[in-house]
Amino acid sequence: MLELKFDRTKCADCKGIFCLTRCQYLRLDKETAKREWQKIIHGEDSFVLEACTTCYACQEYCPFGNNPFYFIVERQEEKGILPAPRPIVTMWINQCQPVGRFMVGKVGEKALSYCFLPHFNTLVRGKLFEDIAGAVIFGQEFFCNAVYLHYARASVIKDRLPRIIENIRKLGIRELVCLHDECYGTFASLTPAYGIELSFKPIHYFEYLYGRLKQLDKLVKKLGIKAAYQRNCSARLVPETDHFLNDIFNLIGVKRLEREYDGENALCCAEIIRMGKGPALADDIQKRNIDDMVRSGAEYCVFNCPACWDALADKVSRKGIKPIHIIDLCKLAIGEAQSLKLPELAVEV
Amino acid sequence: MVTTNAIYESLVKIVGKDFVSVSKEEKYFYARDGGLMPAHEPDFVVLPKTTEEVQEIVRLANREKIPIVPAGAGLALTGLVIPQKGGILLDMKRMDRILEVNETARYVIVEGGTTQGALKSYLQKHHPHLRHSMPDAPPSATVVANAVIHGQGRLAHQHGFNSDMVSGLEVVLPTGEVCRIGSCSVSPYWFSKGPPLPDLSGLFLGWFGTTGIITKLGLKLYPCKKMRDVMVLLTDKAELVPDILLKLSHTEMVEDVVISAQPLPLRFRGTFWIMTYITGDSDEELEFKRKMVWDAVWDYFQSRDVGILSISPDTKAPLLSMPSKDTTRFADVAKGGGFQYAGPITPIEKFPAFIRKLEEVASKYNVFYGSTTRLIGSGHCMMFSFSFSFNRANPDEMARAKKALDECSKFALEEGAVLWKADMDEQKMLMEKMDPNTLNLIKKIKQLLDPNGIMNPGNWEMS
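**What about the overall build of chain A?**
Of the regular secondary structure elements, chain A holds 16 helices and nine strands. For 349 residues, the compact-globule estimate of 2.2 N^0.38 gives 20 Å, and the C-alpha radius of gyration of chain A, at 20 Å, lies within 12% of that figure. By sequence separation, contacts in chain A at least 24 residues apart represent 76% of the contacts at least 6 residues apart.

Spelled out as structure tokens, the structure:
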């Protein structure tokens, strides 16, 4: 069985217990944090395990890279704690079972992963992807499984992830461009945390886009817009990719607005939190986040994660801010049209 | 004895040559439906255009004692318009006019062959603040046929069966007279099918066309709010479903509640999806209703037995579509175009027992299964479907599906349910269990209205 790399001596040496003192939802003082974290380390009950919103942020706050969030997930599962109602967890586990359903394009050594997100069927088009658009892998057989971190099911990840990685290996893929942070995070953070070796190199799509834009630099026109960035939960797993976003913005003339809820203080889209903790907290998070975007003077809200798009695109639009996915933003810069748009009025009466 | 040719000529004289057929292809088509009842061909297929034409055809049939089967789109799936004894198949599709919408009294008058899809489109275009209770049948299903089988639609929780929403009828009796039922019998307004008069609509609704042919129907319309949303509640405990339904119904905030239970696609496996529909004229109204739904199940949420799924617009769109496209998708999950369900109407407390039975029977007969349950009338009852899909090219699979259906129907009846749009075998089961005096009353009414037994013979027929 795969084992998480977690070194409790690093926690003993930690002066700040940042995983808990910086938590946006617990706001613990240092003493309490230290006490509760020791309880968690020693397998004792702690209210932290119940209260955790699974926002992933502690994974980023740890200065030692000691995987505190993955450790919390392990402990939650050991204790049978349900961060979301049981049928929600069951639904997720069943929905993404690798049962031989997938889509594979003309894959060579370099491929593009849609993971299990249909949005990319809409987003991936045009010059940005003309060298790779046909080399797509999609479906349960390539689903990264990181979502089970939200549901205290590290066991499902450990069970399924090796098969997913083997599926990718069998296709002869050497470089995999991941269009979803969660996917990249799985291969760049989760697999090393569990000591799983990869036969391919994961490439974050920010890096890929930046490279393509530089290749297409004659087409690039500065957009001259001010944007709020909606940083998603899984970005916490791979904060080292954030600079590529700034690089892209600089290249295409987008100003990333400084605001309260970007960077390490980012607020997630809150839909996972809605399913786990109910609507009051989720609504509060979304309101604070969007109000902050408005205060910052954003013309656009730039999305990285399709799930954040689903949760917030309509809501930011109602506040007069244009929602756009980062891929579409890059398309605008080279004179192509936005593909992922707000759904038609989602009602039929 | 009048010859077949003479009947054909008489029918041509009534409706014109283009609208009578004795061709093999037409008869093949009208001999069957998508379900499991055996096929039987009509002798003539006739498409009338007016009430007067219907009258003349009925008089001819009554005089010559020819069976006559009025049909909408033939989508009941239980063989209700398969002409068991041949005769005239009266396809009502040409009588498709929407005659009147009364905006203030909120009703519409349609002809006997008007489809659900046409009415929906018409209201959206001309009266966007009004709607009717759209069933989850294909849009070609007719308004009249759906009322005649006591269908249910998207307003079932608030307003009951679609037949409860009928506000008047024009009927051609089996002896050829045209009769108006309800307020329209004494008034130009079609606002009530009965009260304050004796309610005679019960002589025609639920009789599957065995007592007359409805040529016009008044249907109640309801406010159409500007916005609509669906909340998907999930539980994995069947025994909690009745209480969840009661709690949702208690809010008086939801317009429709539908529960899906099926093993495929995988996301449905192991959980019951309780689709809870809400509407509003403003974000505030919708938000208030969302909160009411959350509050209704909050205790179950905290105990982790019930969750409310956050779903993407892509997932939400098919759930909001009317009629539901998912119903049609499931109907062909086995590939091969066969689908039938037993849909007993039953108290909601029966949900756990019925689910257990469905799973047991599906396993026993090795058939594809699913279930869609719809809450009717503030929780007074529900329609629970034991649904099976099968390949029509596989006789063995069809036979197993039929056995599974019969076993489920028998079980439901024993549990106190009443079978909905019962096929002939199920009608027999119902009549065997029915109070003898009630049965005798039905017999007397039928004999009185249809002395020659020409109307859709084989249905509601006692030995």
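Still more ground to cover, so stick around.
**Comments concerning the pairing of strand β5 (residues 98–102) of chain B**
A regular strand places its side chains so that they alternate between the two faces of the sheet. All names here are of chain B. Sheet topology note: the β5/strand β6 (residues 107–111) ladder contains four bridges and is antiparallel. Residue pairing for β6: Ile98 is matched across the bridge by Val110. Where β5 folds back onto β6 in an antiparallel hairpin, the turn is made up of four residues, including Arg106, whose phi is positive at roughly 50 degrees.

**Thoughts on the domain arrangement of chain A**
All names here are of chain A. Per the domain assignment, the segments of chain A are domain 1 (8–78), domain 2 (93–208) and domain 3 (218–333). Relative placement of domain 1 and domain 2: their C-alpha centres are 28 Å apart. At the junction of the two partners, domain 1 supplies seven residues and domain 2 supplies seven residues.

**Some points on the domain arrangement of chain B**
Residue and element names in this part refer to chain B. Per the domain assignment, the segments making up chain B are domain 1 (4–91), domain 2 (98–223) and domain 3 (227–414). The C-alpha-based centres of domain 1 and domain 3 are spaced at 36 Å. Counting residues at the interface gives four residues for domain 1 and eight residues for domain 3. Class assignment of the residues belonging to the side of domain 1 that touches domain 3 gives a composition of two nonpolar, two polar and no charged.

**Describing the nonpolar core**
The tendency in soluble globular proteins is for nonpolar side chains to be buried as a group. Membership of the largest hydrophobic core comes to 256 residues, with the highest contact counts inside it found for Leu209 and Cys330 of chain A together with Ile57 and Leu90 of chain B. The leading source of residues in this core is helix α13 (residues 395–414) of chain B, at eight residues. Once residues lying within four places of it in the same chain are set aside, the contact partners of Leu90 of chain B are Val46, Pro48, Ile57, Ile68, Val69, Pro70, Ala71 and Ile213 of chain B.

**Section: the sheet that holds strand β8 (residues 300–303) of chain A**
Remark on secondary structure: sheet strands pair via backbone hydrogen bonds, oriented parallel or antiparallel. Residue and element names in this part refer to chain A. Across the sheet, which stays open at both edges, the four strands sit in the order β7-β6-β8-β9 with parallel pairing between neighbours. Two strands bound the open sheet, and with one partner strand each, they are β7 (254–256) and β9 (322–325). The mean inter-strand angle of the sheet, taken between neighbouring strand axes irrespective of direction, is 40 degrees. Note that strand β6 (residues 225–230) and β7 share three bridges and pair parallel. Bridging across to β7, Ala227 finds its partner in Arg256. With respect to the sheet, helix α16 (residues 326–333) is in contact with β7, β8 and β9, its orientation differing from that of β9 by roughly 95 degrees.

**Some details on the sheet that holds strand β9 (residues 178–181) of chain B**
Residue and element names in this part refer to chain B. Spatial strand order, β5-β6-β10-β8-β9: five strands in an open sheet with antiparallel pairing. Taken across any chain shown, the strands that pair with only one partner, and hence form the sheet edges, are β5 and β9. Each neighbouring strand pair of the sheet contributes to a mean axis angle of 10 degrees, computed without reference to strand direction. Pairing analysis gives six bridges linking strand β8 (residues 166–172) to strand β10 (residues 213–220), with the strands arranged antiparallel.

Reading guide: rules and limits
- Residues numbered from 1 in each chain as written.
- Chains lettered and ligands numbered in written order.
- Predicted model: local features only at pLDDT ≥ 70, side-chain atom pairs only at ≥ 80, totals over all residues.
- Helix = DSSP H or I, 4+ residues; strand = E, 2+ residues; numbered from the N terminus.
- Rg over C-alpha atoms; globule rule 2.2 N^0.38 Å.
- Contact = placed C-beta atoms within 7 Å.
- Pairing = 2+ DSSP bridges.
- Domains from an automatic or database assignment.
- Nonpolar A, V, L, I, M, F, W, Y, C, P; charged D, E, K, R; others polar.
- Core = buried A, V, L, I, M, F, W, Y, C linked by C-beta atoms within 7 Å.
- Buried ≥ 20, exposed ≤ 12 C-beta atoms within 10 Å, placed from the backbone.
- Axes fitted to C-alpha atoms, helices over the stretch in contact; angles between N-to-C directions.

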